[in-house]
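Inside the fold
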Amino acid sequence: MSKILLLGSGELGKEFTIAAQRIGQTVIAVDSYENAPAMQVAHGFEVINMLDGEALDQIVAKHRPDFIVPEIEAIRTERFYDYEKQGHTVVPSAKAANFTMNRKAIRNLAAKELGLKTANYRYATSSEQLHKAVEEIGIPCVVKPLMSSSGKGQSTIKSSEDIEKAWSYAVEGSRGDVVEVIVEAFVKFNSEITLLTITQNNNPTLFCAPIGHRQERGDYQESWQPARISDKELFEAQDMAEKVTEALGGAGLFGVEFFLADDGVYFSELSPRPHDTGMVTLAGTQNFNEFELHLRAILSLPIFEIKLEKTGASAVILASENSSNPAYEGIEKIAGLAKTDFRIFGKPTTRPYRRMGVALTSDSLDIPVEEVVERAKKAARLVTVK
């Protein structure tokens, strides 16, 4: 059996660890704080600052993992190339982890090298450059740190008065030591989708049924599967997803995000790992959830097919205040609902809007997805984090 070093131990890492445990793999969970969700179910754990390259080197040397699996952005990813040379498999690859941990690298690859359709964009390393970029792009526009996750530091500029606030917020929400932002023209999209894309070592690229989602504050609030999309749009999205994941190399699951607009499909972002919107697959929408698919691709286990079996939805359970000892009310209410499930992630502390759990609903494929989403939202509202 293989040893996996999991870099980042949040709720996605926890579900991945559970999937790995089920088929006898060994997982060492790493994060910057103790008792992170994945640590609670892993064989062992390490607490380090993953932006400290020497500390990262030390735990790789200590554990000698077969696979290094990043779950977050705030990692000294340039070290991954050395780890590959040492014989460790970086998931999906050192190149994929480096490019996708930095919005600049992945956007340049998608737009300039591969010619994928993206929103018009500029970069800025100071508030002065941001003012110039906004002038060139036009208002409204979206500002994101190059290094961040889960919408941290992301905001929409709706007037010139928002520019300075957007810069400060982006710098505050930036992970790592890169102080740079991407400024994107606002795409008038009809909907957004995540296309879970599975690359394999010796088999063709596979796709899950598209997942729709709604965001607030740059973070997803609900997701549903399947999303409504035309055959033409789906073909465009799959073609773009296959091109960009092939260019990045390696095996694993990628969460590839797209905007669906009147003038076509726009590539938005990509994560080289299970995606937060993909937690809807925990509702049993597919024969394998996204974490099981990621693991099977990593281990080169054949995936015969990915079959959509149910309509499903997820809705986040958020904290409303700061706490070092969270308690949950309403669990018995959500547990009593038909065709409904939930996950409480076990995070040791809370802060406003921190994602602490998720409500999951499902139904047969002939039930309108809107109904299933409404049930998920109502279920999530039953749980209060104290």
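Residues numbered from 1 in each chain as written. Predicted model: local features only at pLDDT ≥ 70, side-chain atom pairs only at ≥ 80, totals over all residues. Heavy atoms only, no water.

- As annotated in an unreviewed UniProt entry, the protein chain carries the name Formate-dependent phosphoribosylglycinamide formyltransferase and is attributed to Flavobacterium microcysteis.
- UniProt, in the comment section headed Catalytic activity (unreviewed entry), describes the protein chain in these words: "N(1)-(5-phospho-beta-D-ribosyl)glycinamide + formate + ATP = N(2)-formyl-N(1)-(5-phospho-beta-D-ribosyl)glycinamide + ADP + phosphate + H(+)".
- Checking UniProt for the protein chain, the heading Function (unreviewed entry) contains the comment "Involved in the de novo purine biosynthesis. Catalyzes the transfer of formate to 5-phospho-ribosyl-glycinamide (GAR), producing 5-phospho-ribosyl-N-formylglycinamide (FGAR). Formate is provided by PurU via hydrolysis of 10-formyl-tetrahydrofolate." (UniProt positions renumbered as here; feature names shortened; annotations may be inferred.)

**Comments concerning the nonpolar core**
- With 27 residues, the main nonpolar core has I4, F16, V69 and M279 as its most contacted residues.
- Of all the secondary-structure elements, those providing two or more residues to this core are β1 (3–7), α1 (11–22), β2 (26–31), β4 (67–70), α9 (290–298) and β19 (355–363).
- A domain-level breakdown of this core finds at least three residues from each of domain 1 (3–90) and domain 3 (189–385).
- Non-local contacts of M279, meaning those with residues more than four positions away in its chain, are made with E11, L12, Y220, E290, F291, F345, R355, V358 and L360.
- In this structure, A96, A110, L248 and F258 belong to the second largest nonpolar core, which totals 21 residues. (Core = buried A, V, L, I, M, F, W, Y, C linked by side-chain atoms within 4.5 Å. Buried < 20%, exposed > 50% of the residue type's maximum accessible area, 1.4 Å probe, protein only. Helix = DSSP H or I, 4+ residues; strand = E, 2+ residues; numbered from the N terminus. Domains from an automatic or database assignment. Contact = heavy atoms within 4.5 Å.)

**Quick look at unusual backbone geometry**
- Each neighbour pair has its own omega, and for V91 with P92 the value is -10°, a cis peptide bond.
- With respect to the element layout, P92 can be found in the loop between β5 (89–90) and α4 (94–100).
- The omega angle of the peptide bond from Q225 to P226 is 5°, so this bond is cis rather than trans.
- By the secondary structure assignment, P226 is in the loop between β13 (219–225) and α8 (231–248).
- A positive phi angle, near 45°, is found at R64, a position not held by glycine.
- Its identity as a non-glycine residue notwithstanding, K339 has a phi of 50°, on the positive side.
- By the element assignment, K339 lies in the loop between α10 (331–335) and β18 (340–344).

**Some points on the pairing of strand β15 (residues 264–271)**
- Buried residues dominate β15, accounting for 8 of its 8 residues.
- Examined bridge by bridge, strand β14 (residues 252–261) and β15 share 7 bridges and lie antiparallel to one another. By the bridge assignment, V256 is partnered in β15 with L270.
- Following β14, the chain reverses through 2 residues before pairing antiparallel with β15. (Pairing = 2+ DSSP bridges.)

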